[in-house]
Amino acid sequence: MSKLTLGSYPHLLGFEQLERLLERSAKAGNEGYPPYNIEQTSDLSYRITLAVAGFAEEDLSITIEDRQLVIRGRQRDDSEGRVFLHRGIAARQFQRMFVLADGVEVGEAIMENGLLHVDLTRAVPETVVQTINIRKG
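In this report, the structure presented in the accompanying data block is examined. (Residues numbered from 1 in each chain as written. Predicted model: local features only at pLDDT ≥ 70, side-chain atom pairs only at ≥ 80, totals over all residues. Heavy atoms only, no water.)

1. Focus: the sheet that holds strand 5 (residues 94–99)
Then, number 1: The antiparallel open sheet is built from 3 strands, whose spatial order is 3-4-5. With one partner strand each, in any of the chains shown, strand 3 (60–65) and strand 5 form the two edges of the open sheet. In this sheet, neighbouring strand axes are inclined to one another by 15° on average, regardless of whether the strands run parallel or antiparallel.
Then, number 2: By the bridge criterion, 6 bridges tie strand 4 (residues 68–73) to strand 5 in an arrangement that is antiparallel. The residue of strand 5 that forms the bridge with Leu69 is Phe98. (Pairing = 2+ DSSP bridges. Helix = DSSP H or I, 4+ residues; strand = E, 2+ residues; numbered from the N terminus. Axes fitted to C-alpha atoms, helices over the stretch in contact; angles between N-to-C directions.)

Laid out in structure tokens, this is it:
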């Protein structure tokens, strides 16, 4: 059995990058930490909210790498000199990646009540009509 790819369809020219993006997002993993929401805040804007209780702003980093929004968290171990009878709150690190479409820009990031909000906006693409001249061969 052969694998169907976007290149198998003659009307989808130049969509190989979309196929690579789909494969990359499928490999991103299904880890459940930290939990997050994605909401559409208007026709052209979105908000990603991550539950990052216990993380300070300096423990978090937000970067864009190869059209991916990457949010990382790394807590410092401040347990030196403390004696825990029970430790149910783990200091763990995480990395969450979101693939961004062309034209999606990352706006501001806001930390509020243990939630990290990252706002995204999508630019409206211009409609371009181009006439191609036909030469005589």
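2. Some details on the packing of aromatic side chains
Then, number 1: Under the definition given, this model contains 3 aromatic pairs.
Then, number 2: Consider the rings of Phe55 and Phe94, whose centres lie 5.3 Å apart with planes at 85°: the pair is edge-to-face. Taken together, the positions of Phe55 in the loop between strand 2 (45–51) and strand 3 and Phe94 in strand 5 put the pair 39 residues apart, joining distant regions of the chain. Accessibility classification places Phe55 together with Phe94 in one group, the buried group.
Then, number 3: Ring-pair connections join several aromatic residues into one group, and the members of that group are Tyr33, Phe55 and Phe94.
Then, number 4: Between Arg87 and the ring centre of Phe84, over which it is positioned, the NZ or CZ distance is 4.6 Å.
Then, number 5: A cation over a ring is seen here: Arg92 above Tyr33, with NZ or CZ 3.8 Å from the ring centre. (Phe/Tyr/Trp six-rings, centres within 6.5 Å; stacked < 30°, edge-to-face > 60°. Buried < 20%, exposed > 50% of the residue type's maximum accessible area, 1.4 Å probe, protein only. Lys NZ or Arg CZ within 6 Å of the ring centre and 35° of its normal.)

3. A look at the side chain of His117
Then, number 1: Its location among the elements puts His117 in strand 7 (residues 115–122).
Then, number 2: Residues in contact with His117, not counting those within four places in the same chain, are Arg47, Ile48, Thr49, Glu108, Ala109, Ile110 and Glu112. (Contact = heavy atoms within 4.5 Å.)

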